[in-house]
Protein chains: 2
Amino acid sequence: MEPIRAVIWGLGTMGSLMAKILSEKEGIEITGAVDLNPNKTGKSLGAITGSSRHGEITVTADAGEALAQEADLVLLATSSFISETAEPVRQIVKSGKNVITIAEEWAFPRRTAPKVAEEIDRLAKTFGVTVLGTGVNPGFVLDTLIISLSGTCAGVSKITARRVNDLSPFGPTVMASQGIGLSPEEFGKGLENGAISGHIGFEQSIHMIASSLGIRLERITQSLEPIISRTSRKTPCVSISPGQVAGCNHRAEGWSDGRPVIILEHPQQVHPETENVETGDFIHIEGRPDIRLAIQPEIPGGTATAALAVNMIPHVLNAPAGLACMADLPVPSARLADFRQFLK
Amino acid sequence: MEPIRAVIWGLGTMGSLMAKILSEKEGIEITGAVDLNPNKTGKSLGAITGSSRHGEITVTADAGEALAQEADLVLLATSSFISETAEPVRQIVKSGKNVITIAEEWAFPRRTAPKVAEEIDRLAKTFGVTVLGTGVNPGFVLDTLIISLSGTCAGVSKITARRVNDLSPFGPTVMASQGIGLSPEEFGKGLENGAISGHIGFEQSIHMIASSLGIRLERITQSLEPIISRTSRKTPCVSISPGQVAGCNHRAEGWSDGRPVIILEHPQQVHPETENVETGDFIHIEGRPDIRLAIQPEIPGGTATAALAVNMIPHVLNAPAGLACMADLPVPSARLADFRQFLK
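Everything numeric here is computed off the predicted structure, so don't read it as measured data. (Residues numbered from 1 in each chain as written. Chains lettered and ligands numbered in written order. Predicted model: local features only at pLDDT ≥ 70, side-chain atom pairs only at ≥ 80, totals over all residues. Heavy atoms only, no water.)

Novice: Got a minute to help me understand the overall build of chain A in this structure?
Specialist: For chain A, the count of helices and strands is 12 helices and 15 strands. Sequence-distant contacts in chain A: of pairs separated by 6 or more residues, those separated by 24 or more amount to 72%. When the accessible surface of chain A is totalled, it reaches about 13,200 Å², and 49% of it is carbon and sulfur. Of the side chains in chain A, 30 bear a positive and 37 a negative charge, and the two mean positions are spaced by 3 Å. (Helix = DSSP H or I, 4+ residues; strand = E, 2+ residues; numbered from the N terminus. Contact = heavy atoms within 4.5 Å. Areas by Shrake-Rupley, 256 points an atom, 1.4 Å probe, with all protein chains shown as cover. Lys, Arg positive; Asp, Glu negative; His and termini not counted. Charge placed at Lys NZ, Arg CZ, Asp CG, Glu CD.)

This is the structure we're talking about:
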C-alpha cells in the first residue's frame with residue numbers, strides 16, 4: 001500500500017507546524033505545498049520545515065497546479081473565515097480530495113453559515129470526500145471535550161467553561177486582534193470598528209455542544225472586556241504599562257428557556273503570571289453527576305491545533321462523505337505508528 | 001416515527017439505574033425487562049424503578065420470551081465477564097437487536113478474547129446490529145478520555161493515569177472483591193485464591209489506548225496492594241480498624257520497547273478522607289505538548305456508567321454493524337432531547 005498523500009495549503013505558523021509534525025510520521029507524505037507569500041513560493045518545502053523529507057516539494061502559489069496532482073487530502077491553513085476559505089474548500093473537494101481545515105468558522109458551520117455548509121456537504125457527497133474543521137479551540141477544548149464529558153451525565157442543567165491562556169508567544173497580528181497594548185479608550189474604539197475580534201469560534205462551539213446534547217438555543221450573546229494591567233508586561237512584540245490593556249476577556253453565552261445554559265469564557269492576556277493568574281482549561285458541568293475538570297496549564301494552542309489536524313487524517317479518510325464536525329467522528333487520538341495502519 | 005424500543009437485561013443496581021434514567025428520556029421506551037432474581041420476576045418494572053412509565057412491563061426470567069418481541073436494542077447489565085455474557089450477547093444479536101453492555105470485559109475484547117470478539121463481530125455483521133461495551137471505567141475515564149486528550153499531541157512518550165475513588169457507597173460484593181476489612185494476611189490469601197480481583201478492565205483499557213495510538217505492546221503487568229488503614233473507618237456494611245485493609249491499590253502497566261508506557265492506577269478505598277486522600281481522576285500525558293488533567297472529585301462510577309450506556313444508544317443505532325469499542329464511535333454526549341432526533 002502506497003503512503004497517504006497530503007497537500008498543505010497555507011505555510012504560515014500553523015501550516016508549517018503541520019508539515020513538521022508530518023515529517024516525523026510514517027505511512028504518510030507531503031506531495032504538494034501551496035502558499036501565496038512570494039518569500040515562500042518557488043522554494044523547497046524543506047527550506048521552510050527543515051526536514052530532508054520535504055526537499056523535493058516546491059512551494060507553489062498555483063493551487064490549481066497542486067490540486068491537479070493526485071493526493072488523498074489537503075490540510076488548509078490560510079484563514080479563520082468561511083468568506084475566505086469557501087472557494088478553496090470547493091476547489092479541493094472538486095479535485096476529489098478530503099479537506100481538513102483549521103479555519104475556526106469551519107468547526108461547526110451548520111448554524112452560522114447554513115447555506116455554505118449545505119452546499120459543501122452536498123458537494124463533498126458528490127465527490128466522495130469528507131470535509132472537517134478542527135483545531136484546539138474551536139474543535140476540542142471548549143466543545144468536543146465538553147460534549148465527551150457530558151456523556152457521563154444522566155442530566156445536565158448548565159455548562160460553564162473557561163480557557164485561560166498566555167498570549168505572550170504570539171505575534172503582532174494576534175496582539176492587534178485582542179487589543180493588547182492599547183489604552184482602555186483605544187480598546188473601546190477597536191471594538192466599535194471591528195479591529196478587535198477576540199476569539200473566533202464561540203458560536204461554533206456553542207452550536208456544536210447544543211446540537212450534540214439536544215439543547216434548543218434561543219440566542220447567543222457575546223461580550224469582550226479589556227483586561228487592564230496593574231503590572232508592567234513585555235513580550236518581543238509589545239510592551240504594556242500599568243493601566244494599558246494586557247488582554248481581552250471574551251465571553252459567550254448560549255441561552256435556552258430564558259437563561260444562559262452554555263457559558264464559555266476565554267480570557268487571553270500576555271504574561272498572566274505577573275498578576276498571579278493561573279492559566280488552564282476549566283470545565284464545570286452542572287448535572288447528574290456534577291463534573292469539574294481542570295487541565296493546567298492550558299493545552300497549548302499552536303502545537304495542539306496542528307497535531308489535531310494531522311491526527312484526524314485517518315478518521316477523515318475513514319469517514320463517510322460529507323461535511324463533518326469533531327462530534328461526528330471517533331474521538332481524536334495521537335498517531336504513533338504508520339498512518340496506514342489506522343485506515344479501515 | 002415510533003419511539004426507540006429498549007429491553008433491559010439485568011436489574012441489579014446498574015440495570016435499575018439505567019431504567020430510571022430512561023424513564024426521564026423522550027423518544028425512547030423500555031419494552032421488556034429480564035432478570036433471574038425471583039424477587040423481581042413477575043413484578044412490574046415500575047415497582048422496581050418507581051416510574052409510572054414502566055407499570056405495564058413485567059419482569060421476566062425468560063430471556064427468549066423478551067427477545068421474541070421486536071425492539072431496537074438490549075442494555076445488558078448482568079456480569080463483568082465474557083464467560084458469563086457471551087451467550088446472552090449471541091442470543092440478543094441473533095434476535096436482531098443491538099447490544100450495549102457494561103460488562104467490563106466487553107469494553108475492548110479484541111486482544112483479551114480475540115476468538116469471541118471475532119465471532120461476535122461476524123455474527124453482528126450478519127444480523128446487521130452493533131455490539132458495544134461501555135461504562136465509566138473501562139469505557140471512559142482511563143481509556144476514551146485519555147485517547148481523546150492524546151489527539152492534541154504531536155508525540156506521546158508516556159501516559160500515567162490514576163482513578164482515586166471512594167468505595168464507601170458500595171455493597172458487600174464489591175467490598176469482598178477488594179478485600180476491604182481483611183487483615184493484611186487474609187488479603188494476601190484472597191489474592192492467591194482469586195477472591196480479591198481488584199478492578200476489572202485494566203487490560204481492556206490499555207489495549208484500547210495502545211490500539212488507538214498505534215503502540216505495540218509487549219506485555220501488560222499488574223499488581224494489587226492492600227491499602228492498610230491508619231484510621232478507623234466505617235460504612236453500612238464494613239468496619240475497619242487501624243491495621244486492617246481499607247482498600248486495594250490496583251495498578252497495571254503496558255510495556256513497549258522494554259519500558260512501561262501506559263501506566264494505570266486505581267486505588268479504591270472506603271472513606272479516603274480519613275487519611276486526607278483526595279479522590280479524583282488524574283491523567284498525565286508526557287508528550288508534545290505535556291498534558292495534566294484532573295477531575296475532582298472523580299466522576300462517580302454508578303451514575304456515569306448507567307448514563308453512558310443510555311447516552312450511547314443513538315451512536316450505537318447509527319453505527320455500522322459489528323463489534324465496536326468507544327474509540328470507534330463518535331464522542332459520547334449527554335442526551336437532553338427526544339432520542340429520535342439523534343438518529344441519522
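Okay, back to it.
Novice: Would you mind going over the packing of aromatic side chains with me for this structure?
Specialist: Where two aromatic rings form a pair, the distance of their centres and the angle of their planes describe that pair. Residues and elements named next belong to chain A. By the definition in use, this model includes two aromatic pairs over all chains. Consider the rings of Phe-339 and Phe-342, whose centres lie 6.3 Å apart with planes at 85 degrees: the pair is edge-to-face. Side by side, Phe-339 and Phe-342 carry an identical accessibility label, which is buried. It is Arg-219 that lies over the ring of Trp-255; its NZ or CZ is 4.2 Å from the centre. (Phe/Tyr/Trp six-rings, centres within 6.5 Å; stacked < 30°, edge-to-face > 60°. Buried < 20%, exposed > 50% of the residue type's maximum accessible area, 1.4 Å probe, protein only. Lys NZ or Arg CZ within 6 Å of the ring centre and 35° of its normal.)

Novice: Explanation requested: the relation of the copies chain A and chain B in the structure shown.
Specialist: Taken together, a rotation about one axis and a shift along it account for how the two chain copies relate. Overlaying chain A with chain B gives an RMSD of 0.0 Å, the required rotation being 180 degrees about an axis along which the chain moves by 0.0 Å. Taken together, the rotation angle and the small translation identify this as a two-fold axis. Measuring from the rotation axis to each C-alpha of chain A, the shortest distance belongs to A:Pro330, at 2.1 Å. Take the interface residues of chain A: 100% of them recur as interface residues in chain B, which is what a same-surface contact looks like. (Least-squares fit on C-alpha atoms with pLDDT ≥ 70 in both.)

Novice: Got a minute to help me understand the confidence of the model for chain A in this structure?
Specialist: Segments scoring low in pLDDT should not have their predicted coordinates read at a detailed level. Averaged over chain A, the pLDDT score is 96; the fraction of residues at 70 or greater is 100%. Interface scoring of the predicted complex returns ipTM 0.97; its pTM is 0.97. (pLDDT = per-residue confidence, 0-100.)

Novice: It is not clear to me how the side chain of B:Asp35 should be interpreted in this structure. Could you clarify?
Specialist: Residues and elements named next belong to chain B. Tracing the sequence through the fold places Asp-35 in the loop between strand S2 (28-34) and helix H2 (45-49). Buried charge without a salt bridge: Asp-35, with Lys-40 as the nearest opposite-charge side chain at an N-O distance of 4.6 Å. Polar side-chain contacts of Asp-35 include one of 2.6 Å to the backbone nitrogen of Leu-11. Those residues in contact with Asp-35 that lie beyond four places of it in its chain are Gly-10, Leu-11, Gly-12, Lys-40, Thr-41, Val-59, Thr-60 and Ala-61. (Salt bridge = Lys/Arg side-chain N within 4 Å of Asp/Glu carboxyl O. Polar contact = N/O pair within 3.5 Å; in protein donor to acceptor, adjacent residues only side chain to side chain.)

Novice: What is the right way to look at the UniProt feature "domain: Dihydrodipicolinate reductase N-terminal" (unreviewed entry) in chain A in this model?
Specialist: Following the UniProt record, one finds the feature "domain: Dihydrodipicolinate reductase N-terminal" (unreviewed entry) at residues 5-99 of chain A. With 37% helix and 21% strand, residues 5-99 of chain A has end C-alpha atoms that lie 12 Å from one another. (UniProt positions renumbered as here; feature names shortened; annotations may be inferred.)

Novice: Is there a simple way to explain the pairing of strand S6 (residues 130-133) of chain A in this structure?
Specialist: Remember that side chains alternate between the two faces of the sheet whenever the strand is regular. Residue and element names in this part refer to chain A. Alternating positions in S6 separate into two faces, Thr-130 and Leu-132 on one and Val-131 and Gly-133 on the other, with burial throughout. Across three bridges, strand S5 (residues 98-101) lies against S6 in parallel orientation. Bridge pairing links Ile-100 to Leu-132 in S6. The pairing of S6 with strand S15 (residues 322-324) spans three bridges and is parallel. Looking at S15, one finds that Val-131 is bridged to Leu-323. (Pairing = 2+ DSSP bridges.)

Novice: Is there a simple way to explain the interface of chain A and chain B in this structure?
Specialist: How big an interface is tends to be expressed through the accessible area that disappears when the partners come together. Counting from both sides, the interface comprises 49 residues of chain A and, opposite them, 49 residues of chain B. Carbon and sulfur atoms supply 62% of the area buried between chain A and chain B, which totals about 3,800 Å² over both sides. Together, A:Thr152, A:Val331 and A:Leu336 form the three largest contributors to the area buried by chain A at its contact with chain B, with a combined 15%. Of the charged contacts in the structure, one is a salt bridge between B:Arg288 and A:Glu24, with a shortest N-O distance of 2.9 Å. In this assembly, chain A and chain B are joined by 18 residue pairs in polar contact (both at pLDDT 80 or more). Secondary structure elements with two or more residues in the side of chain A that touches chain B: helix H7 (144-150), strand S7 (155-166), helix H10 (202-213), strand S14 (291-295) and helix H11 (301-311) of chain A. Looking at the side of chain A that touches chain B, its residues break down into 29 nonpolar, 14 polar and six charged. Where S14(A) meets strand S14 (residues 291-295) of chain B, three bridges bridge the pair, whose relative direction is antiparallel. Bridge pairing in S14(B) places A:Leu293 opposite B:Ile295. (Buried area = accessible area lost by both parts, 1.4 Å probe. Nonpolar A, V, L, I, M, F, W, Y, C, P; charged D, E, K, R; others polar.)

Novice: Would you mind showing me how to read helix H4 (residues 82-94) of chain A here?
Specialist: An α-helix turns once every 3.6 residues. As a result, residues three or four positions apart point the same way. Over its 13 residues, H4(A) extends 17 Å from the first C-alpha to the last, a length consistent with the 18 Å expected when each residue adds 1.5 Å. Residues A:Ile82, A:Thr85, A:Ala86, A:Pro88, A:Val89, A:Arg90, A:Ile92 and A:Val93 constitute the buried set of H4(A). (Expected span 1.5 Å × (residues − 1).)

Novice: Help me understand the sheet that holds strand S2 (residues 28-34) of chain A, please; the structure alone is not making it clear to me.
Specialist: The pairing of strands in a sheet comes from backbone hydrogen bonds and takes either a parallel or an antiparallel form. Residue and element names in this part refer to chain A. Taken in spatial order, the seven strands line up as S3-S2-S1-S4-S5-S6-S15 in an open sheet, and their pairing is parallel. If you trace the sheet from one side to the other, it starts and ends with strand S3 (59-60) and S15, each paired once. When strand S1 (residues 4-9) meets S2, the two strands line up parallel, connected through six bridges. Residue pairing for S2: Val-7 is matched across the bridge by Gly-32. In the packing of H4 onto the sheet, contacts are made with S1, strand S4 (73-76), S5 and S6, and the angle to S4 comes to roughly 170 degrees. (Axes fitted to C-alpha atoms, helices over the stretch in contact; angles between N-to-C directions.)

Novice: What exactly am I supposed to notice about the domain arrangement of chain A here?
Specialist: Residue and element names in this part refer to chain A. Partitioning chain A into structural domains gives domain 1 (4-135 + 302-342) and domain 2 (144-299). Centre-to-centre separation of domain 1 and domain 2, based on C-alpha positions: 27 Å. At the interface, 12 residues of domain 1 touch 10 residues of domain 2. Applying the counting rule to domain 1 against domain 2 returns one residue pair in polar contact (both at pLDDT 80 or more). (Domains from an automatic or database assignment.)

Novice: For this particular structure, what's the right way to read the sheet that holds strand S11 (residues 245-256) of chain B?
Specialist: Taking strand neighbours across the sheet as the criterion, the 12 strands line up as S8(A)-S11(A)-S12(A)-S7(A)-S13(A)-S14(A)-S14(B)-S13(B)-S7(B)-S12(B)-S11(B)-S8(B) in an open arrangement whose pairing is mixed. The open sheet has two edge strands with one neighbour each: strand S8 (219-228) of chain A together with strand S8 (219-228) of chain B. Direction aside, neighbouring strands of the sheet carry axes that sit 10 degrees apart on average. Here five bridges tie strand S13 (residues 280-288) of chain A to S14(A), and the two strands are oriented antiparallel to one another. Along S14(A), the bridge assignment pairs A:Ile283 with A:Leu293. On the sheet, helix H9 (residues 184-193) of chain A packs against S8 and strand S11 (245-256) of chain A and is oriented at approximately 155 degrees with respect to S8(A). Strands in contact with helix H9 (residues 184-193) of chain B are S8 and S11 of chain B; relative to S8(B), the strand with the most contacts, it is inclined by about 155 degrees.

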